[in-house]
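# A closer look at the structure
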Amino acid sequence: MTQKRALAIHDISCIGRCSITVALPILSSVGVETAILPTAILSTHTAGFEGYTYLDMASEMPAISKHWKCLGEKFDAIYTGFLGSVEQIDIVAEVFDDFRSDDNLILVDPVMADSGKLYPVFTQDMAVQMRKLCCKADLIIPNLTEAAFLLDEPYVGGEHDERYIRELLKRLTGLGCSKTLLTGVSFVPGRLGAACYDAETDEFSYHDGDYVDRIFHGTGDVFGSGLLSALMNGFDLSGAMAVAVDYTRKCIEYTQLEGRPAHYGPCFEKATAFLLERLGIHWE
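Since we're looking at a predicted model, the values are computed, not measured. Each chain carries its own residue numbering, running from 1 in the direction its sequence is written. Local features in this predicted model are restricted to residues of pLDDT 70 or higher, and side-chain atom pairs are both shown and tallied only at a pLDDT of 80 or more, whereas totals for entire chains, interfaces and linings draw on every residue. As a convention, hydrogens and water are excluded, and side-chain values are obtained from all of the structure's heavy atoms.

## Considering the side chain of serine 85
- Helical segments are the DSSP runs of H or I of at least four residues, strand segments are the runs of E of at least two, and each set is numbered from the N terminus. With respect to the helices and strands, the residue serine 85 is situated in the loop between strand E6 (77-80) and helix H3 (86-99).
- When residues no more than four places from it in sequence are discounted, the contact partners of serine 85 are Asp56 and Met126. Every residue pair with non-hydrogen atoms within 4.5 Å of one another is taken to be in contact.

## Structural notes on the sheet that holds strand E5 (residues 54-56)
- Pairing between strands requires that DSSP locate at least two bridges from one strand to the other. Strand order in the open sheet made by the three strands is E2-E4-E5, with mixed pairing throughout. Each edge of the sheet is formed by a strand with only one pairing partner; in this case those strands are strand E2 (12-13) and E5.

## Description of the sheet that holds E6
- Ordered by their spatial adjacency, eight strands build an open sheet running E3-E1-E6-E7-E10-E11-E12-E13, and the pairing between neighbours is mixed. Single-partner strands in this sheet number two, and they are strand E3 (33-36) and strand E13 (203-210).
- Here six bridges tie strand E11 (residues 179-185) to strand E12 (residues 191-198), and the two strands are oriented antiparallel to one another. Bridged to leucine 182 within E12 is alanine 195.
- Each axis is a line fitted through C-alpha atoms, taken for helices only over the stretch in contact, and angles between the N-to-C directions span 0 to 180 degrees. Across the face of the sheet, helix H1 (residues 20-29) comes into contact with strand E1 (5-9), E3 and E6 while running at roughly 160° to E3.

## A closer look at the packing of H3 against helix H4 (residues 124-134)
- One can describe the packing of H3 onto H4 by two numbers: an axis separation of 9 Å at closest approach and a directional angle of 5°. Relative to H4, H3 is oriented roughly parallel. Side by side, H3 and H4 meet where Val86, Ile89, Val92, Ala93 and Phe96 of the first sit next to Asp125, Met126, Gln129, Met130 and Leu133 of the second. Angle categories: roughly parallel below 35 degrees, roughly antiparallel above 145, roughly perpendicular from 65 to 115, and oblique for all the rest.

## Quick word on the packing of aromatic side chains
- Between 30 and 60 degrees the pair is tilted, below 30 it is stacked and above 60 it is edge-to-face, where a pair is any two Phe, Tyr or Trp rings, Trp via its six-membered ring, whose centres lie within 6.5 Å. Taken as a whole, this structure holds six aromatic pairs when the rule is applied.
- Residues tryptophan 68 and phenylalanine 75 carry aromatic rings whose centres are separated by 5.8 Å and whose planes lie at 65° to one another, so their mutual orientation is edge-to-face. Taken as a pair, tryptophan 68 and phenylalanine 75 share a single burial class, namely buried.
- Both rings, one in phenylalanine 75 and one in phenylalanine 99, keep their centres 5.5 Å apart while their planes meet at 65°; by these two values the pair is edge-to-face. Throughout, exposure labels follow a simple rule: accessible area from a 1.4 Å probe, protein chains only, divided by the maximum for the residue type, with under 20% read as buried, over 50% as exposed, and the rest as partly exposed.

## Description of the nonpolar core
- We call a set of buried residues a nonpolar core when its members are Ala, Val, Leu, Ile, Met, Phe, Trp, Tyr or Cys and they connect through side-chain atoms within 4.5 Å of each other. In this structure, Leu7, Ile9, Leu133, Ile140 and Leu182 are the most contacted members of the largest nonpolar core, which totals 48 residues.
- The element contributing the most residues to this core is H3, with seven residues.
- The contact partners of leucine 182, leaving out residues within four places of it in the chain, are Pro142, Asn143, Leu144, Ala147, Ile165, Leu168, Leu169, Leu172, Gly193, Ala194 and Ala195.

## Section: the pattern of salt bridges
- Salt bridge, as used here, is a side-chain nitrogen of Lys or Arg placed within 4 Å of a carboxyl oxygen of Asp or Glu. Using the criterion set out here, one finds 16 salt bridges in the structure.
- Close ionic contact of arginine 5 with glutamate 33 constitutes a salt bridge, the shortest N to O distance being 3.3 Å. With arginine 5 in strand E1 and glutamate 33 in strand E3, the pair connects residues that are 28 residues apart, well separated along the chain.
- For glutamate 33, a relative accessible area of 37% puts it in the partly exposed group.
- We note a salt bridge from arginine 17 to glutamate 269, for which the minimum N-O separation is 2.9 Å. Note that arginine 17 is positioned in the loop between E2 and H1 and glutamate 269 in the loop between helix H8 (237-258) and helix H9 (272-279), a separation of 252 residues in sequence.
- Overall, the relative accessible area of 16% leaves arginine 17 in the buried class.
- A cluster of three or more residues bridged by salt bridges with shared partners is formed by Arg5, Glu33 and Glu73.

## Description of the environment of methionine 57
- Tracing the backbone through its elements, the reader meets methionine 57 in the loop between E5 and helix H2 (61-71).
- By relative accessible area, which is 13% here, methionine 57 ends up buried.
- When the C-alpha positions of methionine 57 and glycine 226 are compared, they lie 26 Å apart, and in sequence the two are 169 residues distant.
- Discounting chain neighbours no more than four positions away, the residues touching methionine 57 are Pro38, Thr39, Ala40, Ile41 and Gln88.

## Side note on the environment of serine 238
- Among the structural elements, serine 238 can be located in helix H8.
- On the accessibility criterion, serine 238 (30% relative accessible area) is partly exposed.
- Residues serine 238 and leucine 181 lie 57 residues apart in sequence; the distance between their C-alpha atoms is 9.5 Å.
- Other than its neighbours up to four places away in sequence, serine 238 contacts Cys196 and Ser205.

## Topic: the pairing of strand E7 (residues 105-108)
- Looking at chain direction, E6 and E7 are connected through four bridges and run parallel. Note that in E7 the partner of threonine 80 across the bridge is valine 108.
- With H3 bridging E6 and its parallel neighbour E7, the resulting β-α-β unit is right-handed.
- Here E7 pairs with strand E10 (residues 139-140) via two bridges, running parallel. Looking at E10, one finds that valine 108 is bridged to isoleucine 140. Note on handedness: a clockwise path from strand one over the helix to strand two, with the strands aimed away from the viewer, defines a right-handed crossover.

Here it is, written out as structure tokens:
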């Protein structure tokens, strides 16, 4: 079987497990050859660390993409995460156009907000422009806050009923993508998970796990990378979502056992065997 290839478009945070330093090893561990297109280089990620350095890669990204196009490179999946500026949205949209094929998957994680607020580095214009990227995707995976900004409607926190989440997912497909997945969904106290919707089949699915009342930076990237790992190993969206939820929960368990500060990111490395087991991968 030909080895699958993915392109991960994220920042490089040199310390603090998130973005490319999460996506690259996770996808590689499940047998996916992974190329990277860095959006920025930071000494640490931006949450929990002070005095971090930041180098915007917007000026270099088009040249990298142009070289790949000259080489005739192809990817089975393109996966985007944190983008450092509105300018980068247009650059990434062009990458989608250049490397889209009839059978590859474009997955957009519209990283820009949480807990009802945009991240401090972004303005409302980021949400407006992010819709342009989402309309070019096959699958988008916002959290509830990002979904609210994408739809330009009030954020509703706490527990939700299934009807509300179903309608929210359907409205998100109205942006132009055929599949949507919401993270951070809770139907009952003490449980947290994700819900997905496929507009082509009109199918809805939900999967959850025990809720841990603590913020772990980088879990969104663990979830997205686990999701794509499953999708690229033959799982359908519902099954891949269940794998990603359970894998993220396992990473949190190991992080708690390790006892390191939460802003250093989840201990996803120790959960690699769990992910491989769930995907049915057994390396010789």
